[in-house]
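# A closer look at the structure
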Amino acid sequence: MIIIMFGPPAAGKGSVAGILSEKYNIPTISTGDMFRKYISNGSEIGKKANEYISQGQLVPDEITIEMVKERLSENDVKNGFILDGFPRTVKQAEELDKFLKENNRDIDVVVKLEAPKEELLERITNRRICKNSDCKAVYNTKLNPPKVAGICDKCGGPIVQRDDDKLESALNRLSVYDKETAPVADYYKGTERLYTTTLSERENRLKDVVSADIIKYLDLKKKKNNGKRNIEDECR
Ligand code: AMP
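An account of the accompanying structure is given in this report. None of these values were measured; they are calculated from a predicted model. (Residues numbered from 1 in each chain as written. Predicted model: local features only at pLDDT ≥ 70, side-chain atom pairs only at ≥ 80, totals over all residues. Heavy atoms only, no water.)

The subject of this paragraph is the sheet that holds strand S7 (residues 159-160). Two orientations exist for strands paired in a sheet by backbone hydrogen bonds: parallel and antiparallel. With respect to topology, three strands assemble into an open sheet ordered S6-S5-S7, the strand pairing being antiparallel. Strands with a single pairing partner mark the edges of an open sheet, and in this sheet they are strand S6 (138-140) and S7. The pairing of strand S5 (residues 127-130) with S6 spans three bridges and is antiparallel. Bridged to Arg128 within S6 is Tyr139. Helix H6 (residues 117-126) contacts S5 and S6 of the sheet and is inclined by roughly 40 degrees relative to S5. (Pairing = 2+ DSSP bridges. Helix = DSSP H or I, 4+ residues; strand = E, 2+ residues; numbered from the N terminus. Contact = heavy atoms within 4.5 Å. Axes fitted to C-alpha atoms, helices over the stretch in contact; angles between N-to-C directions.)

Here it is in structure tokens:
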């Protein structure tokens, strides 16, 4: 199973990916998390990436695509994987397709998560994360605060706000999404891979409901494809 989580910052990609990852027993690969880990290690790639991330800009394609290809060559993705935050440009989407085709694989679904812009901005600026890169638990100061302020419920690590979640950078990221990332959805349109849905607290469409819808969609798609295969077999 290959799933792409697509959508603007704070659309809920990581939360839904967590549920789907458990359901299908496949790893989630978040390019944002990978970059943050490189930054905290002080590595060269981290230093370069941080020049862009701190400004709310996208890290250049050459760096990002290579990093993802390397990750997708590891053993644990053999049964499938979920990409969270990649592709973010049409070039990345093309390169991903090329890479998967070379490996006789294909994307099962590109999940496009939508939410009203004001809700996204509120979620971004209220988001806090556990600084421990092995934990990465996510909190929201209003909807899901930690039990003890500033301390992670899961690992006891410090809870911080990402620099790029501060208002100015957040606004920048939303406009970069509109300009550079939103067109990626058009790339997938008409290929029977795009599934668009809304994750919104105000509309009472929370991550569990959204994830259940995606699972239903994938079940139906599988049944349909199996049906097609049976008909093709009978015609042989
Ligand atoms: P995220 O955690 O997905 O919000 O990503 C945090 C930041 O990492 C983004 O704002 C970008 O600067 C960078 N980033 C993550 N994924 C990509 C990508 N696929 N292409 C370029 N930059 C990325």
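The way to describe two aromatic rings as a pair is by their centre distance and the angle between their planes. Here the structure, examined in full by the defined rule, presents three aromatic pairs. With centroids separated by 6.1 Å and ring planes inclined at 50 degrees, the aromatic side chains of Phe6 and Tyr177 adopt a geometry described as tilted. Of this pair, Phe6 sits in strand S1 (residues 2-6) while Tyr177 sits in helix H7 (residues 167-181), and the two are 171 residues apart along the sequence. One exposure class covers both Phe6 and Tyr177, and it is buried. (Phe/Tyr/Trp six-rings, centres within 6.5 Å; stacked < 30°, edge-to-face > 60°. Buried < 20%, exposed > 50% of the residue type's maximum accessible area, 1.4 Å probe, protein only.)

With that out of the way, let us pick up the pattern of salt bridges. Under the defined criterion, the tally for this structure stands at 26 salt bridges. Note that Arg71 is salt-bridged to Asp76, the shortest N-O span being 2.8 Å. A relative accessible area of 15% means that Arg71 is categorised as buried. Look at Asp76 and you get partly exposed, because its relative accessible area is 41%. Ionic pairing is found between Asp186 and Lys189, a salt bridge with its closest N-O pair at 3.2 Å. With a relative accessible area of 53%, Lys189 lands in the exposed category. (Salt bridge = Lys/Arg side-chain N within 4 Å of Asp/Glu carboxyl O.)

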